[in-house]
Each structure stands twice: as structure tokens, then as C-alpha cells.
Amino acid sequence: MTTIAQAKTSYQAHFSQVAKELGQDWKGWVRRLRETAISRFGEMGFPTLRDEEWKYTNVALILDTPFQPAPYDVRSLRSDMPAWVSLGSFEGSEMVFVNSHYSPEFSSLGQLPRGVEVGSLAAAVTAEARWVESHLARYACYQERAFVALNTALMQDGAFVYVPEGKVLEGPIHLLFISAAGKGATVSHPRILIVIGKGAQASIIESYTGRQDEVYFTNAVTEIVIGENAVVEHYKLQRESERAFHMATLEAHVERGGNFLSHSVSLGGALTRNEINAILDGEGCECALNGLYIASGEQHIDNHTRIDHVKPHGTSRELYKGILDGRSRGVFNGKIYVHKTAEKSDAKQTNNNLLLSRDALIDTKPQLEIYNNDVKCSHGSTIGRLDQDSIFYLRSRGIGVEAARNLLTYAFASDVINRIKVGPMREQLDQLLTAKFHGGS
Amino acid sequence: MLEIKNLHAKVAGAEILRGIDLAVNTGEVHAIMGPNGSGKSTLAHVLSGRESYEVTAGEVIFEKKNLLEMRPEERAREGVFLAFQYPVEIPGVSTTYFLKAALNAVRKHRGLEEVDAMDFLALVKEKMKLVEMDQGLLNRPINEGFSGGEKKRNEIFQMAVLDPKLAILDETDSGLDIDALRIVATGVNALRSKERAMIVITHYQRLLSYIVPDYVHVLFDGRIVKSGDKRLALELEEKGYAWIEEQLQKTQPVGF
């Protein structure tokens, strides 16, 4: 057993290692950023069950495993990659990252409009891309969140996407993060920065996977800046190894009239925590957060979301659905925070859960904090089981009991899936779930 | 085809069926009438295999097999079809997907090849005409947002597609206006055949003017107390269920 204090020391040691390895590769401002982040992490330490925001998710499970920084070794991956990376490809650009490092040999960027820049974040920092310094680590709060601080201190690479003013991307950009643990348990800290200019439009898919039996830890941070009247669709597909740990924080900063659509689908991982925070920092912003989490066995999936209505006339819609089987546990904590300055805000949040076994558990906590009188806000959450009348109806037509249960389970998830606008992604997910839920006869 | 002997069944601890005897032959249409609470719907659900109904005595033989030993889906695959009094709405499952899965399950059981999408669509289009159903309803989730009449038509449409040997219609007339009733009855009549038997459960004689039965049985307090031909239904309509009660009291000692 590693104590939390030992784990903390070990991650601080990773910092010295990373600092030595990177040497002069990263710019001075990044080095200072890392130092600030690691010292802030030293002050905060890891969260415990006593922290209100971590009441239902025990990170001690992650800290028990002595993870080593993941090596950048593509060779171990190349020989059998097609066999286990079954995420498929989408039209548009695909960038592949191995243990958070960009792998140009596996990537295909395709045709992108002029001025659009996509690629390795480390390379962008080195090349002094002008917008990197002004945006990196400006949104994801390493001052307050231990895992964001760790990522900020230990990040080695990840993705950057920059779409200048007025540009519209036709196809989605797929960022595929693969963990290849190798001999021991490893940790990587993918970092993603997405900057979408005024009136521009982009659709980005972030997916995470690894070999199904490997133990590793992914600690990702994504920052998205959505300029005035820009439209961003963000899809996250988490299909980690069932023995892996996955921590991810997404910070979206939406400017006046911007539109942010987020879909988060969690299927894998032993322990997963997704934090999605959207700040509607201009008038008339629109935001939709959709989520689907499916857990079985001993899986634990925690989704924390927060939408800040800062300015007037913002609209937010949130729909998270969970399907929990076996002895799995789900957590949904959705906060909508309407600031005093955000009159005419319109927010609606829904969380529905389907429990397929007696031992599955869900903690759902919708929260509204409203500091303005002239708003329209609602929330609701449900927890239920499969409807016996519906099962009987299907069986009475000749459909077997297992197939009937699977069909109804799939149907429960279908409205979230149907909201996914990227056709190939929706179809792929459809197939994944059909295979999962239509197994019976 | 179907033989019910001394069938007793309980729901939530209360005995609802108290010794039903009924024989139905291929090609026949039997109407079962009775006042509310007489056990009509319980009989329908027991025959289709609803698990919340507990059979405490008796037997049901369907095509020489013990029906009560079969699971609901096995009964359906063997050719028993229940048209529900209250069809369930199932959001997220399209009628097409569901019905194709059901048809293929039935066909597989009968040793037939599965139908492909093209053949299925052709079959469905043909059968929809029987109940004047709008094709748009096919792509909608099962019964979601359907009117009462559309739901009942959907039941008969499903029956037409699945082609059962025994169809049990549980108060298919309830909640229908006269036009919808006529459409549903026309569909049912088109499905009458020498190979198929039907049990039509109803509270009112009205339906039986459209679907003319070969036999009429009166269910009262969990037992069939009177059987006859279609004239019995008319007599009941005229005299009401109280008439049956009076007759029963005459023939049975008080306190039975």
C-alpha cells in the first residue's frame, strides 16, 4: 500500500525527471508554469473523500499503484496496433498520440483550409506559435485542482488545434490517444489546446484507448477557447482498458454568441473521472453538454460538470444518461451557476440512470446556484430499472428475454447517441452498443 | 388446437380464475364476454405467459404441447399472439426494428429463413393496408405518441405480420370510436382463416356485430358459466350481466 503522502512524493519526483529530460526543449515561460504548478500541487496534495467535490470518488485507488512516467515507444505499438486500436477512422484529419506524444507516422492530416494549424503541442510551444502562450493554462485551473496541476507540471506533449477567424472545417479532427504501458504501470498527461477564432467552426473528436488488459493512468487536460459566434462540437470517447485509470478535465471558454456542444461517452476504465466546465463569458452563448456512461463489473465512472452563466441571454442544455450493471458505480454531479450578471439565462439539466443489477449504484447530484431573479432554470434526475411491461410486450412477440432487455437498454441510450452529429462517430458508437446490448437471441 | 382444463390462477394472492374449461378448434372464433373483474384479461395474460399471474391448478394444451411450461417468447414462436388491451409505449425502439426482430425469431423457430430488409418491407406494406395504417408510424418508436385507435391498429398489424395460429384479442374494442372499430374489425376479419383460431375478449356485444363469433362464452367470477352461439351475445346485450347473476343464483344454493 502506498500512502497518499508517498504517492505525492513520487509524483513530485516525476517532475525532477521530466525537468531533466526536457532540458531546454520547452521555453522559459513553460518552465516557470510547470514550477508554479508543481509547487501548487505540493501545497494541495491529492483530494480525499472529505473534499465535497470528491465525496464519491476515491483517488486512493489510483495512488496505490506506483505509476512511472510513460515512455515514448512507438515500436512496441506498431506490430499489432490494428488488432487492438479498433476506434476506426473518421473522414477528416486524424492525429495519433502514443503516451501523449504525437506520432506523425500514424497520423493523416488530410486537406485543411489555409491558416488552420494542427499538430503537436510541444512543437507549437517550441515554434513559439503566438497564440500558445496567451492561452495555454489560462483556463484549466491548476491553482485549485490537483490533477490539473499535475498535468500542467508534467505534460510532455499533446495536441493543438488552431482555426483562425471565419474558417469552417468540413470534416472532424480526430485526436486519438493511445496508451502503451509496456512492462510496468505508466502514467501520461496528455494536454490539448484548441483555439477557435471568431465566426469559425470546427468539430473535434478526442478518443482514448489502450490494450484491454493493461494497467495505466491517463491524466488529460483539454482547454477550448471558442471565439465570438464560433461553433465548436467536441466529442470525447473514452474506451480505456478496463484496468486503467482515467482523469480528464475539459475547460471551455465561450465568448459572445459562441456555441459549444459537448458529448462525452465513457465506456472503459476501472476508475474514470470526467470534469467538464463551460464558462459562458459573453452575451447569447449557447452550450449543450451531453453524456453517456456505461459501466459494468467493478467500474467506477464519475462525471462532474459545471456551466457558468456569466453574461445575459445564455442558453444551456444538459443531458447525461448512465447505464450501470454488475457492481459498478456511477456519479453524476452537475452544477449550473448563474451569476448575478446573467439575466435571461435559460438552463435545463437532466440526468437519467438505468440500473441493470441490484448491486449497481449511482450518486446523482444536480445543483443549481442562481444569483439572478430573471432566469429560467430547471433540473431533474431519475434512477430506474428496465420496465417489466415493456419486456413482456417484446417477449409476447417472440423476442427472447435477454434480447428484449438488451433492446430496451440500447433504447435508453439512443437519444444521447442520436444527438451526435458526426455520422461516422454515431454509427460507430451505434455498432459498439448494438454489439454490447444485442448479444442475446 | 387449444384445450383449457380446470384452470385456476392467482394475481397478487387473490384467486381470479377458478376452474376454466374451454376447447378451441382450428378455424373457430370464440368470444369471451363478462363483466368487469370476471377474469377476462387474466385469462388472456395467463395464456400469453405473464409471470405475475400464478397458475395454481389445471392445464392448457396447445397443439399437443403443454403451454403453461413455455416462456412467453416460446408461446409466441409456437404461434400464440396476444393483442394487448393497453399496448405499451416503448421509446427508442422503432416499430420496424422490433417487428423484424420478432418476425425473424418466429421464423427461426419454425425452421424458416430470416427475411431480409427488402422482403420485410414488402410484407409490412401489404399488411399495413389491412388496418389502413400510415407507413410513417413504422419508423416511430413503438406506440409512442400513437392515438388509442392507432395503438389497436398496430396490434392487429403486428398480428398480420407474425401470422399466429391462435390470436387472443383482449378488449381490442375498448376506447375505439365506431370508425376505428370498423377498421380494426375489418383487419381482424381478413385474418380469419381455416388455419387460425381466435379468442375475442370483450365486455360489449358491439364488437361482435363486426367480428361474428362461432361461439360465445360468458365468464363470471372466474368460471365460464354459460356458452352458446352468437345469439347469446345479443341476449346478454339485451338483458345485461345481472341476468346471468340471477340465473346463477337460481341454479346454485345460497352461500356457494
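Residues numbered from 1 in each chain as written. Chains lettered and ligands numbered in written order. Predicted model: local features only at pLDDT ≥ 70, side-chain atom pairs only at ≥ 80, totals over all residues. Heavy atoms only, no water.

### Some words on the pattern of salt bridges
Side chains that carry opposite charge are capable of pairing whenever their charged atoms lie near each other. Going through the model one piece at a time under the given rule, you end up with 34 salt bridges over all chains. One salt bridge in this structure joins R395(A) and E51(B), with 3.1 Å as the shortest N-O distance. Taken together, the positions of R395(A) in helix α9 (residues 388–395) and E51(B) in the loop between α1 (40–48) and β4 (53–62) put the pair across two chains. Assessed through its relative accessible area of 5%, R395(A) is described here as buried. Residues D179(B) and R182(B) are paired through a salt bridge, measuring 3.6 Å at the closest nitrogen-oxygen approach. Taken together, the residues D179(B) and R182(B), both in helix α6 (residues 178–190) and three residues apart, mark about one turn of the helix. Residue class for D179(B) comes out partly exposed when judged on its relative accessible area of 48%. (Salt bridge = Lys/Arg side-chain N within 4 Å of Asp/Glu carboxyl O. Helix = DSSP H or I, 4+ residues; strand = E, 2+ residues; numbered from the N terminus. Buried < 20%, exposed > 50% of the residue type's maximum accessible area, 1.4 Å probe, protein only.)

### Some remarks on unusual backbone geometry
All names here are of chain A. Positive phi values are uncommon outside glycine, yet S100 reaches one of about 75°. Here S100 is to be found in the loop between β2 (93–98) and β3 (101–102). Overall, the relative accessible area of 4% leaves S100 in the buried class. For N229, which is not glycine, the phi torsion reads 55° and is therefore positive.

### Digging into the domain arrangement of chain A
Residue and element names in this part refer to chain A. Annotation of chain A at the domain level lists domain 1 (4–281) and domain 2 (388–441). Taken together, the 16 residues of domain 1 in the interface contact eleven residues of domain 2. Note on domain 1 versus domain 2: buried area summed over both sides is about 1100 Å², and carbon and sulfur give 73% of it. For the pair domain 1 and domain 2, the number of links is two residue pairs in polar contact (both at pLDDT 80 or more). Sorting elements by how many residues they give to the side of domain 1 that touches domain 2 places strand β11 (residues 231–239) first, with four residues. For the side of domain 1 that touches domain 2, the class distribution of residues is nine nonpolar, four polar and three charged. (Domains from an automatic or database assignment. Contact = heavy atoms within 4.5 Å. Buried area = accessible area lost by both parts, 1.4 Å probe. Polar contact = N/O pair within 3.5 Å; in protein donor to acceptor, adjacent residues only side chain to side chain. Nonpolar A, V, L, I, M, F, W, Y, C, P; charged D, E, K, R; others polar.)

### Description of the pairing of strand β10 (residues 197–202) of chain B
Residue and element names in this part refer to chain B. Counting buried positions along β10 yields six of six residues, so the element is predominantly enclosed. Judged by which residues are buried, β10 turns out to be covered on both faces: A197, I199 and I201 on one side and M198, V200 and T202 on the other are all buried. As paired strands, strand β3 (residues 29–33) and β10 are joined by five bridges and run parallel to one another. Bridge pairing links V29 to M198 in β10. Bridge count for strand β9 (residues 166–170) against β10 is five bridges, and the pairing is parallel. Across the sheet, residue L169 finds its bridge partner in β10, namely V200. Regarding topology, α6 serves as the crossover connection from β9 to the parallel β10, and that connection is right-handed. (Pairing = 2+ DSSP bridges. Right-handed = clockwise from strand over helix to strand, strands pointing away.)

### Notes on the packing of aromatic side chains
All names here are of chain A. Enumeration according to the criterion identifies 17 aromatic pairs over all chains in this entry. Judged by centre distance (5.4 Å) and plane angle (40°), the rings of Y337 and Y371 are tilted. Pair noted here: Y337 is in strand β18 (residues 329–338) and Y371 is in the loop between β20 (361–370) and β21 (376–384), with a separation of 34 residues, a long-range link. A relative accessible area of 44% means that Y371 is categorised as partly exposed. An aromatic cluster is defined as three or more aromatic residues linked by ring pairs; in this entry it consists of Y11, F41, F46, W54, F67, F147, F217 and F245. Its end group placed over the ring of F412, K321 keeps NZ or CZ at 4.4 Å from the ring centre. Looking at R397, its charged tip hangs above the ring of Y393, at a distance of 4.9 Å from the centre. (Phe/Tyr/Trp six-rings, centres within 6.5 Å; stacked < 30°, edge-to-face > 60°. Lys NZ or Arg CZ within 6 Å of the ring centre and 35° of its normal.)

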